[in-house]
Amino acid sequence: MPQTAAQHTPLVISASRATDIPAFHGDWFMARLRAGFCRRRNPFNSRQESIISFARTRVFVFWSKHPAPFVPHLAEIAATGRQFYFQHTLNDYEAEGLEPGLPSLQRRLDGFKRLADTLGPQRVVWRCDPLILGGGLGVERLLERLDRLGRELAPYTEKLVFSFVDMYRKTATALRRLDPGYRAPTADEMRELARGIAALNRGWPHRLELATCAEGLDLSALGIRKNRCIDAALIRRLCPQDELVQAELAPRRQLSLLPGLEAAPSVPRDTGQRPDCGCMPSKDIGAYDTCPHFCVYCYANRSERAVRANLQRCRRHPGERESLLP
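Residues numbered from 1 in each chain as written. Predicted model: local features only at pLDDT ≥ 70, side-chain atom pairs only at ≥ 80, totals over all residues. Heavy atoms only, no water.

Colleague: A description of the packing of helix α4 (residues 105-119) against helix α5 (residues 139-153) should follow, citing residues and the corresponding values.
Modeller: Here α4 crosses α5 at 35 degrees, and the two axes come no closer than 10 Å. The element α4 and its partner α5 pack so that their crossing is right-handed. Residues L105, Q106, L109, F112 and K113 of α4 touch α5, and the partners they reach there are L149, E152 and L153. For the contact of α4 with α5, the per-class residue count stands at five nonpolar, one polar and two charged. (Axes fitted to C-alpha atoms, helices over the stretch in contact; angles between N-to-C directions. Helix = DSSP H or I, 4+ residues; strand = E, 2+ residues; numbered from the N terminus. Left-handed = near helix turned anticlockwise from the far one by under 90°. Contact = heavy atoms within 4.5 Å. Nonpolar A, V, L, I, M, F, W, Y, C, P; charged D, E, K, R; others polar.)

What follows is the structure, encoded as structure tokens:
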């Protein structure tokens, strides 16, 4: 029997690290927004279920590679008084076929620009991740592609976040099935890529803030920070008049162990994420095995067969399902 569902009332909801809700599950999300709550099963223990109430939610963070289908819903979300922003991944792996379920690169570029024109550049964060080498992709070629993307996207965003591929077992298996040469960059190649990105950024139409996602490598000497994708500073900026947000996310000062020195302000950190993740706490409402982008490097899908089976279930009565997967 299922265990008693835990109940959560998060300030921030992540939608979603596990799947592309804006691209494929917008109708379900809007039904749950109108209902005021959703359920989520623990992906590692299906007997554990959470009820996630939207009663205190002030901000939605949407993660997407193709948010265009979701744009018609944004006015309704805004009308509830909630704020939102997008973590928008846009890579150029068209020639390699690493993202086979995505629209053309040009269509995605156009969609990014339209979204930023609608919402403002601060609400659309450009993610270029993961960075992969091998299979004909070297440091120089990756940087050439990043430069082309940056010249188009820099006027439409404030930040570029990048990361290097993590070769989880299923990621490595899938990539090497396509081409045995695919691999993660070495530490020296990571630094070379970072130096190259920092140099390119100086030549783009608008200089971007640069940050890495969940990387242990210290690139601060290049002006590249460690990112907080669920970002307390940005959320406070988007909610200047919201007393709850301002109170809960006000920078906290810690006592210094050294006399005469005050420690830097700190913000809450999501301890459920990877050790090098700087995100503040949020609740994710997505489900694995529900994204048909079928990116070869994806960690969130077990197999194409599992995704297609789940999508058939997801398409049945989206307005009646309390969790993404029935």
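Colleague: Give a description of the packing of aromatic side chains that names residues and reports values.
Modeller: Counted according to the given criterion, the structure contains 13 aromatic pairs. Look at F54 and F60: their rings are 5.8 Å apart centre to centre, the planes differ by 80 degrees, and that puts the pair in the edge-to-face class. For the pair F62 and F70, a centre-to-centre distance of 4.9 Å together with 65 degrees between the ring planes defines the contact as edge-to-face. Considered together, F62 and F70 belong to a single accessibility category, that of buried residues. A connected cluster of aromatic rings, assembled from ring pairs, spans F29, F54, F60, F62, F70, F84 and F86. For R32, the ring lying beneath its charged end belongs to F37, and the centroid distance is 4.7 Å. (Phe/Tyr/Trp six-rings, centres within 6.5 Å; stacked < 30°, edge-to-face > 60°. Buried < 20%, exposed > 50% of the residue type's maximum accessible area, 1.4 Å probe, protein only. Lys NZ or Arg CZ within 6 Å of the ring centre and 35° of its normal.)

Colleague: How would you summarise unusual backbone geometry if you had to cite specific residues and measurements?
Modeller: Following A15, the chain continues to S16 via a peptide bond in cis, the omega torsion being 0 degrees. Omega for the bond connecting D129 with P130 falls within 30 degrees of zero, at 0 degrees, which places this linkage in the cis form. One non-glycine residue, A214, lies in positive phi territory at about 55 degrees. Mapped onto the elements, A214 comes out in the loop between β9 (209-212) and β10 (224-226). Phi at F294 is positive, roughly 55 degrees, even though this residue is not glycine. Counting through the fold element by element, F294 comes out in the loop between β13 (283-284) and α10 (304-314).

Colleague: Which residues make up the side chain of D270, and what values go with them?
Modeller: Looking at where D270 falls in the secondary structure, it is placed in the loop between β12 (265-266) and β13. As a buried residue without a salt bridge, D270 has its nearest oppositely charged side chain in R17, at a separation of 4.8 Å. Not counting residues within four places of it along the chain, the set of residues in contact with D270 comprises C279, M280, P281 and S282. (Lys, Arg positive; Asp, Glu negative; His and termini not counted. Salt bridge = Lys/Arg side-chain N within 4 Å of Asp/Glu carboxyl O.)

Colleague: Lay out the packing of α5 against helix α7 (residues 187-201) in plain terms, naming residues and giving numbers.
Modeller: For the pair α5 and α7, interaxial distance at closest approach is 10 Å and the crossing angle is 30 degrees. Taken as axis vectors, α5 and α7 run roughly parallel relative to one another. Judged by the twist between their axes, the crossing of α5 over α7 is right-handed. Contacts from V139, L142, L143, L146 and D147 of α5 reach α7 at E189, E192, L193, G196, I197 and L200. For the contact of α5 with α7, the per-class residue count stands at seven nonpolar, one polar and three charged. (Parallel < 35°, antiparallel > 145°, perpendicular 65-115°, else oblique.)

Colleague: Got a sec to walk through the pattern of salt bridges? Specific residues and values, please.
Modeller: Any two side chains of opposite charge can pair, so long as their charged atoms come close to each other. In this structure the tally under the stated criterion is 20 salt bridges. A salt bridge links E96 to R145, with the shortest nitrogen-to-oxygen separation between them at 2.7 Å. Of this pair, E96 sits in the loop between β6 (83-89) and α4 while R145 is found in helix α5, placing the two residues 49 residues apart along the sequence. A single burial state applies to E96 and to R145, both of which are buried. The closest approach of N and O atoms between R237 and E158, which form a salt bridge, is 3.0 Å. Note that R237 is positioned in helix α8 (residues 232-238) and E158 in the loop between α5 and β8 (159-164), a separation of 79 residues in sequence. Judged by its relative accessible area of 47%, R237 falls in the partly exposed class. Through salt bridges with shared partners, one network takes in K159, E209, R225 and D231.

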